[in-house]
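Notes for the structure review
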Amino acid sequence: MSNLTEIRRPADEGDIPASVMQAFADQSKEPPKEGDIVEGTVLALDRARLYIDLPPFGTGVIFGREYMNAREVIKRTNVGDTVAAKVVSTTTKDGYIELSLKEARQALVWAEAEEAVKNRLQLELPVKEANKGGLIIEWQGLSGFLPASQLKAEHYPRVPDADKDKILEELRKLVGTKLVVSVIGASPKEGKLIFSEKGLDDKEKRELISNYAVGDTVVGEVTGMVDFGAFVKLEEGLEGLVHISEIDWGLVDDPRHFFKVGDTVKVKIIDIKDGKVSLSVKALKENPWATAEGKYHKGDSVEGVVIKFNKHGALASIEEGIAGLVHVSEFGTEESLRRNLELGKRYPFTISLFDPKEMRMALSYAGDKK
């Protein structure tokens, strides 16, 4: 029986299962050699070079073509983050170990694919193409094949005389749709990834979900992290999603700052629909806006810490879970706003709009402008 009922599409190394990461981390106990996957802490980003601490073996660097290949990942990487990289060369002319994030990512994804085969994980993925033999499905940058024989009955192309052209015509109707599939074969050396739609049937799903109801509080295990939330296993064969908006009452930029794979977490079931279970952590905490109504009023002078910039201006937190927007129009330009307000610093504000029922607050800067 599969143990995944939600979309599983990790975005970076933080989403790789702990067992996969550990297998590669164990390699780093010996001095790294070309082709090894190593793990280290980001030291600095300087002039299109990313430096990674690899104790006790020295410092790794990602630069040149490898930097350009991984620039989208690097944009989301901060000093202090732990990352996995592949050794391209054990020494550069400056004495660093040359690394590749992109190649490491591919190695880790193939390892995760093998893990998915072993654990019979289910994934909801879009169909990219069709051919006379089946469907092409992409997962984390890897193209895989779903043979027509592995389609569920409702999707199997039933055509007279098994005409291949008519089969292709029927299969093309599935392009652009999403199918719940399992990885049944993964061969990194051959570059082959095989999917099947024949997984946990609807009856089994209904039986598992029938044990739960909206409003239930349950304890589960975090099994996966993605940009939009965390997957929590409620029991073998059933997982639910804690969406990023349901993690905390305060601002949540990255779910990985709150959970890691393997954590035990208490959650509340807030929705059960179409075989999917939606969970919430913040629903078990007191809503700070409920008590804010008696503490704050329009026109009040408050102090707040700038916690984020967005296209509208700056968000400033006046207490845990309560933040207001300082609109960019107050400063004329984004440059002026950032010159006057720095991330992480505290400033005086006046509440210009306060609607606790809608959890909305607007703030006006009360300090001297530069």
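Scroll up to find the structure.
What comes next concerns the included structure. Model, not experiment: these values are computed from the prediction. Position numbers for residues start from 1 in each chain and track the written sequence from start to end. Predicted model: local features are reported for residues with pLDDT of at least 70 only, side-chain atom pairs are reported and counted for 80 or more only, and whole-chain, interface and lining totals are derived from all residues. Processing note: side-chain calculations cover all non-hydrogen atoms of the structure and skip hydrogens and water entirely.

Glancing now at the sheet that holds strand β18 (residues 322-327). As summarised here, the arrangement of the five strands in space is β16-β17-β18-β20-β19, forming a closed barrel in which the pairing is mixed. On average, each strand axis in the sheet is tilted by 50 degrees relative to the strand beside it, whichever way the strands run. Relative to strand β20 (residues 360-365), strand β19 (residues 346-355) is paired through six bridges, and the arrangement is antiparallel. Paired with Phe349 across the strands is Tyr365, a residue of β20. Whether two strands pair depends on DSSP finding at least two bridges between them. Helix and strand labels come from DSSP, where a helix needs a run of H or I of at least four residues and a strand needs a run of E of at least two; each type is numbered from the N terminus. Axis definition: a line fit to C-alpha positions, over the contact stretch in the case of helices; interaxial angles, taken between N-to-C directions, run 0 to 180 degrees.

Strands in a sheet are paired, the pairing made by backbone hydrogen bonds, and the direction either parallel or antiparallel. Pairing is mixed around the closed barrel formed by five strands, whose spatial order is β1-β2-β3-β5-β4. Averaged over all adjacent pairs, the angle separating strand axes in this sheet is 55 degrees, with direction ignored. The pairing of strand β1 (residues 37-45) with strand β2 (residues 50-53) spans four bridges and is classified as antiparallel. Paired with Leu45 across the two strands is Leu50, which belongs to β2.

For the rest of this paragraph, the subject is the pattern of salt bridges. Within this document, salt bridges are pairs made up of a side-chain nitrogen of Lys or Arg and a carboxyl oxygen of Asp or Glu, the two lying within 4 Å of each other. Counted according to the given criterion, the structure contains eleven salt bridges. The partner of Asp248 in a salt bridge is Lys285, and the shortest N-O contact between them spans 2.7 Å. Taken together, the residues Asp248 in the loop between β13 (238-243) and β14 (264-273) and Lys285 in the loop between β15 (276-280) and α7 (288-292) connect sequence positions 37 residues apart. To sort residues, take the accessible area from a 1.4 Å probe on protein chains only and compare it with the maximum for the residue type: under 20% means buried, over 50% means exposed, and anything in between is partly exposed. Judged by its relative accessible area of 14%, Asp248 falls in the buried class. A relative accessible area of 39% means that Lys285 is categorised as partly exposed. For the salt bridge of Glu319 with Lys295, the shortest nitrogen-to-oxygen distance reads 2.7 Å. Taken together, the positions of Glu319 in strand β17 (residues 313-319) and Lys295 in the loop between α7 and β16 (301-310) put the pair 24 residues apart, joining distant regions of the chain. Its relative accessible area of 22% is what places Glu319 among the partly exposed residues. Its relative accessible area of 45% is what places Lys295 among the partly exposed residues.

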